[in-house]
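Structural description and commentary
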Amino acid sequence: MSRTDTKLAALRAAPHDSLRLWLRLLSCSNLVEREVRSRLREEFDITLPRFDVLAQLDAASRDSVQGLTMSELSRRLMVTNGNLTGLIERLVQERLVSRAASPRDRRTQIVRLTKKGKTALDAMTPVHEGWIERLFGDLSADDRADLDALLGRLRDSVRVALAEEEEEEEEGES
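A few points on the structure. Since this is a predicted model, take the numbers as computed values, not measurements.

1. Notes on the overall build of the chain
What the chain contains, in helices and strands, is 7 helices and 3 strands. In the chain, the order of α-helices and β-strands from amino to carboxyl end is α-α-α-β-α-α-β-β-α-α. Relative to the 2.2 N^0.38 estimate, which gives 16 Å for 174 residues, the radius of gyration of the chain is 21 Å and therefore markedly larger than a compact globule would have. A buried classification covers 21% of the 174 residues belonging to the chain. Here the contacts in the chain between residues at least 6 apart in sequence split such that 47% fall between residues at least 24 apart. On the chain, the mean spot of the 28 positive side-chain charges and the mean spot of the 32 negative ones are 8 Å from each other.

2. Some words on the nonpolar core
Ranked by internal contacts, the top residues of the largest apolar core, which has 24 residues, are Leu 40, Val 53, Leu 54, Leu 57, Leu 73, Leu 84 and Ile 88. Secondary-structure elements contributing two or more residues to this core are α2 (17-44), α3 (48-62), α4 (70-77), α5 (81-93), β3 (109-113) and α6 (115-135). With 6 residues, α3 is the single largest residue contributor to this core. Setting aside residues no more than four positions away along its own chain, Leu 57 makes contact with Leu 68, Leu 73, Val 97, Val 111, Arg 112 and Leu 113.

3. Quick word on α2
Between its first and last C-alpha atoms α2 spans 40 Å; for 28 residues at 1.5 Å apiece the expected length is 40 Å, and the two agree. If you check which residues of α2 are buried, you get Val 36, Ser 38 and Leu 40. Buried residues along α2 sit against α3 and α6. Asp 45 sits one or two positions beyond α2 and adopts a positive phi of about 50°.

4. Re the packing of aromatic side chains
On inspection of all chains with the given rule, the structure shows 1 aromatic pair. An angle of 50° between the planes, with centres 6.2 Å apart, marks the rings of Phe 44 and Trp 131 as tilted. You can see Phe 44 sitting in helix α2 and its partner Trp 131 sitting in helix α6, a full 87 residues away along the chain. By relative accessible area, Phe 44 is classed as partly exposed at 27%. Exposure remark for Trp 131: the relative accessible area of 1% places this residue in the buried category.

5. Observations concerning a nonpolar patch on the surface
There is a patch of nonpolar side chains on the surface, built from Leu 135, Phe 136, Leu 139, Leu 147, Leu 151, Leu 154, Val 158 and Leu 162 and spanning about 590 Å² of accessible area. Looking at the nonpolar patch, the element that brings in the most residues is helix α7 (residues 141-173), giving 5 residues. Position of Leu 139 relative to the elements: it lies in the loop between α6 and α7. We classify Leu 139 as partly exposed; its relative accessible area is 31%.

6. Here's the deal with the environment of Arg 37
Position of Arg 37 among the secondary structure elements: in helix α2. For Arg 37, a relative accessible area of 33% translates into the label partly exposed. Remark: the alpha-carbon pair of Arg 37 and Ser 74, spanning 37 residues in sequence, is separated by 19 Å. Other than its neighbours up to four places away in sequence, Arg 37 contacts Leu 48 and Pro 49.

7. Details of the pattern of salt bridges
This model, assessed by the stated rule, comprises 12 salt bridges. Among the ionic pairs, Arg 39 bridges to Glu 35, the shortest N-O distance being 2.6 Å. One end of the pair is Arg 39 and the other is Glu 35, both in helix α2 and 4 residues apart, which spans about a single turn. According to the relative accessible area criterion, Glu 35 is partly exposed, its value standing at 29%. Among the salt bridges present, the one from Arg 144 reaches Glu 133, with a minimum N-O distance of 2.9 Å. Linking Arg 144 in helix α7 with Glu 133 in helix α6, this pair joins segments that are 11 residues apart in sequence. Overall, Glu 133 belongs to the partly exposed group, its relative accessible area being 40%. What you see here is one network of salt bridges that share partners, running through Asp 58, Arg 62, Lys 118 and Asp 122.

What counts and what doesn't
- Residues numbered from 1 in each chain as written.
- Predicted model: local features only at pLDDT ≥ 70, side-chain atom pairs only at ≥ 80, totals over all residues.
- Heavy atoms only, no water.
- Helix = DSSP H or I, 4+ residues; strand = E, 2+ residues; numbered from the N terminus.
- Rg over C-alpha atoms; globule rule 2.2 N^0.38 Å.
- Buried < 20%, exposed > 50% of the residue type's maximum accessible area, 1.4 Å probe, protein only.
- Contact = heavy atoms within 4.5 Å.
- Lys, Arg positive; Asp, Glu negative; His and termini not counted.
- Charge placed at Lys NZ, Arg CZ, Asp CG, Glu CD.
- Core = buried A, V, L, I, M, F, W, Y, C linked by side-chain atoms within 4.5 Å.
- Expected span 1.5 Å × (residues − 1).
- Phe/Tyr/Trp six-rings, centres within 6.5 Å; stacked < 30°, edge-to-face > 60°.
- Patch = residues over 30% accessible without salt bridge, like charges linked within 9 Å, V, L, I, M, F, W, Y side chains within 5 Å.
- Areas by Shrake-Rupley, 256 points an atom, 1.4 Å probe, with all protein chains shown as cover.
- Salt bridge = Lys/Arg side-chain N within 4 Å of Asp/Glu carboxyl O.

Structure follows, in structure tokens:
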């Protein structure tokens, strides 16, 4: 048995492996996020949340969606509407996004990427992708595919567990 095989076998048998794995995922995520935040600030004078808003609006427009409601945008970004309001206001002031009342419901705001916002995002996107490619550079294509598949399974597992907990809570309230 090789040293790597021995180490893997020990990890599989170790107690608290789910907790350790979650901490490893969190550590990797934090390292990548910290580096991307820093590079966006240094090279483009933009924050990661602002970049994320522009990217989500661009993705929506590619899906033939004409803007996103504040609620949809907050759901996609996994933040509260309250956290998003000030951010959108600053992006509107810089003319990177536009915001208008929905024709169906005047209380609902629709946010869209402006031409200036699209131009700015298009300048950042290939550079951003290059950073991510370099950060993941030691992983082979097969490693990346395996990791993607495993993370997809983990996401599904988390969703199932959360749905089951929600069902149990509803049954307990009945």
